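# Structural features, examined
Below, each chain spelled out in residue letters.
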Amino acid sequence: MDVGSSLVGRPTLAGVLTALSPLLEPLCLPDGPNVRLGRAAVLDTRDLADWIVHPEAGVDVLLLLGIRGDEVVELVKPLVDSEVKVVLVKTDTPPAEFTQKHGDLGIALVAVHPDARWAHVHSILESVLRAGASAPLDHGRETLGAQNDLFGLANTIAQLVNGLVSIDDEEGRPLAFSPLDESADEIRRLSILGRRPPPGHLEELRIRGFLEKAIHARGVSVLEAKEDFRRRLCVSMRDSSDRFLGLIWVQERDTGFTDDAAEILESASHFAARLISNSRLIPQFQVEYVRQLIGLPISPAPYDAFGLQLTLRAGAAISVAGFAPTADADQTILQARDAIDLINFYATTFTEDALIAAVGQRVYVVNPNVRAPEGMRSWTRRVSDVLTRRLGSPVCVGISDAVLRLDDIAAARADVDRILDVVRQRRDGGVASLGDLRTPVLLQDVLTHLRARPDLLDPRIKELVDYDKSHDGALVPSLRAVLLNAGDINAAAQSLHIHVNTLRYRIRRIRELTDLDLRDPSTRFLTELNVRTWI
């Protein structure tokens, strides 16, 4: 998203297919999966001819009822030149066979699960489109976190606890869910398809008092397995006013839950409650707000329209954390949706009001109301460990000192960048604060300043650099080794794997070419700064 672009984005077909993967399967995508979508409408095939003549403006997705299979092909051909970009249909033809026969149709067709209820598909699709409409366009480069919708949260919980997740509202209707797989029992399959569970299932839970207990419990409830369904974990979601918002259910997979599943699920319930509450408030300007807080350029935005996003307790501190790949790693690894989801999940469960923004190759987290600074180090190390395992590459973390005013957050983010610039040079990454790296960070600032001021650089060092290039020499590395070893010729020669007399010869040659006298402390100091700047 460019700085000057609209704050309100549009979800893509790829996002819809991912979110509704248990219900939808692509048949043909002539323009690829990154088509942007806005509105959906339901239409019976008997009304299609009239709709083509008098279309409803602004509809990108058409749910076409009343026909199955190949018969739909001729009906949708007139839509190729219309505003409609995607048509959802039910078909008995296997997707691969349909694609082979009709892949050149010219308009995107998506198959709906034959057992799914159309009303349910439409309801879930609308919720995904609404969530995406207030999200940024590019989750990789610049976003509040891909997990600004319940589907992203459901998928993250599923990965972390090794289960199948469903997030239901107060009436027991699924708001979001993780994809189906072979571990799903019949109750889960039917509920995701929008069908009623087997007769008597919910009634039995009510009679046993399980639902009432789960709704009012302050932790995770366990529903033991029976013949027709697998073991489940359940936790209630409540807003800041303790109002019940629904339940999160997690069905156990064949390989069982993770050891910390209950802890993760309880934390996730607070995050889910926040997402549900926020979705009702539609905070469309949150991304730009985070950019403003951390001192990055923003688009013009009516901030008075949504007020202060951070809820600060009197005297509470604010900290900023930043995540980045190491210098020798794939620089795009933190742009993946899964990586941003994990950071967002752990940040929000650590501090309920945390805000996240992914900008370029880095992800920033603003943590308000942080009472214990050591807690920042603990949770960032945990997130770093999880990301490192999942990405197969070390992750660097920088932690700012705590600040007490919103106006100081931008400076805290700048400190995080200074820390990350140092830490990312390490192959194994790690977590660090400014106090841990005061010397290398300040030295880096000095060298950055010198590189921007060539008039402050010693021309004698450039002479040596040019000499090495033209003579295939090693004078500059030799000089650097002597300086880094505090003038110890033997240690320097050992670090270079050369004889000490060879190094002495090179130092004499340097003196002959440049008149540099390394016996003088001021000369050594200035030379070391210049060597670090040039190399």
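Conventions and cut-offs
For every chain, the first residue of its written sequence is number 1, and the numbers climb from 1 along that sequence. Reporting in this predicted model follows two pLDDT cut-offs: at least 70 for local features of residues, and 80 or more for side-chain atom pairs to be given and counted; totals over whole chains, interfaces and linings ignore these cut-offs and use all residues. Hydrogen atoms and water are omitted, and side-chain values are computed over all heavy atoms in the structure. Strands here are runs of E lasting at least two residues and helices are runs of H or I lasting at least four, both read from the DSSP assignment and numbered beginning at the N terminus. For a helix, the expected span equals 1.5 Å multiplied by the number of residues minus one. In this scheme, a residue with accessible area under 20% of its type's maximum is buried, one over 50% is exposed, and one in between is partly exposed, where area comes from a 1.4 Å probe on protein chains only. Note that the arc is defined by the directions from the helix axis to the C-beta atoms. Polar contact criterion, stated in full: a pair of N or O atoms within 3.5 Å, where within protein one must be able to donate a hydrogen and the other to accept it, and residues adjacent in sequence count only if both atoms are side-chain atoms. The way it works is a 1 Å grid over only the protein atoms, where trapped points that fit a 1.4 Å probe form a cavity and open points with protein on both sides within 12 Å along at least five of seven lines form a pocket, and then any residue with an atom within 4 Å of a point lines it. Grid points are joined across faces, edges and corners, and a volume is the space filled by probe spheres set on the points. In this count, Pro and Cys sit with the nonpolar residues alongside Ala, Val, Leu, Ile, Met, Phe, Trp and Tyr, while Asp, Glu, Lys and Arg are called charged and the others, Gly among them, polar. What pLDDT expresses is the predictor's confidence in each residue, scored from 0 to 100. By definition, residues are in contact when any of their heavy atoms lie within 4.5 Å. For two strands to pair, DSSP has to find at least two bridges joining them. In this description, a line fitted to the C-alpha atoms serves as the axis of each element, helices being fitted only across the stretch in contact, and the angle between N-to-C directions of two axes falls anywhere from 0 to 180 degrees.

### Describing helix 16 (residues 459-471)
- Along its 13 residues, helix 16 runs 18 Å from first to last C-alpha, staying within 8% of the 18 Å computed at 1.5 Å per residue.
- Listing the buried residues of helix 16 in full gives Ile 461, Leu 464, Val 465 and Asp 468. Along helix 16, the residues classed as buried sweep out an arc of 100° about the axis, all on the same side. In helix 16, those exposed residues whose orientation departs by more than 90 degrees from the buried face are Pro 459, Ser 470 and His 471.
- Residue Asp 472 follows helix 16 closely and has a positive phi angle near 50°.

### Details of the environment of Asp 455
- Looking at where Asp 455 falls in the secondary structure, it is placed in the loop between helix 15 (438-451) and helix 16.
- At 2.8 Å, the side chain of Asp 455 and the side chain of Arg 453 are in polar contact.

### Focus on empty space enclosed by the protein
- Summed over all chains, the structure comprises two cavities of 30 Å³ or more.
- Taken together, Leu 13, Val 16, Leu 17, Leu 24, Leu 37, Val 61, Val 86, Leu 88, Val 110 and Leu 125 make up the lining of the largest cavity.
- Within the residue set of the lining of the largest cavity, elements represented by two or more residues are helix 1 (13-19) and strand 4 (86-90).
- Sort the elements by how many residues they give to the lining of the largest cavity and helix 1 lands first, with three residues.
- Looking at side-chain class alone, the lining of the largest cavity contains 10 nonpolar, no polar and no charged residues.

### What to know about the confidence of the model for the protein chain
- Taken residue by residue, the protein chain gives an average pLDDT of 79. The fraction at 70 or more is 85%.
- The weakest mean pLDDT in the protein chain belongs to strand 6 (residues 142-143) at 35; the strongest belongs to strand 15 (residues 395-399) at 94.
- Within the model, the stretch residues 134-147 combines pLDDT values under 50 with 51 contacts to residues more than four positions away or in other chains.
- Low confidence marks residues 300-308, where pLDDT is under 50. Its contacts with residues over four positions away, or in another chain, come to 11 contacts.

### Quick word on the sheet that holds strand 2 (residues 39-44)
- Here we have five strands laid out as an open sheet, ordered 1-5-4-3-2, and mixed in their pairing. Of all strands in the sheet, those bounded by a partner on one side alone are strand 1 (24-28) and strand 2. With strand direction ignored, the average angle separating the axes of adjacent strands in the sheet is 30°.
- Bridge analysis of strand 2 against strand 3 (residues 59-68) gives six bridges, and the strand direction is parallel. Across the sheet, the residue bridging to Asp 44 is Leu 65, located in strand 3.
- Here helix 4 (residues 95-102) sits on the sheet and contacts strand 1 and strand 5 (108-112); the angle it forms with strand 1, its principal contact strand, is near 25°.

### Notes on the sheet that holds strand 11 (residues 244-252)
- The antiparallel open sheet is built from five strands, whose spatial order is 8-7-11-10-9. Of all strands in the sheet, those with a lone pairing partner are strand 8 (174-177) and strand 9 (221-223), marking the two edges. Adjacent strand axes in the sheet meet at a mean angle of 25°, parallel and antiparallel pairs treated alike.
- When strand 9 meets strand 10 (residues 232-238), the two strands line up antiparallel, connected through three bridges. Residue Val 222 lies in a different strand from strand 10, and its bridge partner there is Leu 233.
- Where helix 6 (residues 150-161) meets the sheet, its contacts fall on strand 7 (163-168), strand 8 and strand 11, and the angle it forms with strand 7 comes to roughly 150°.

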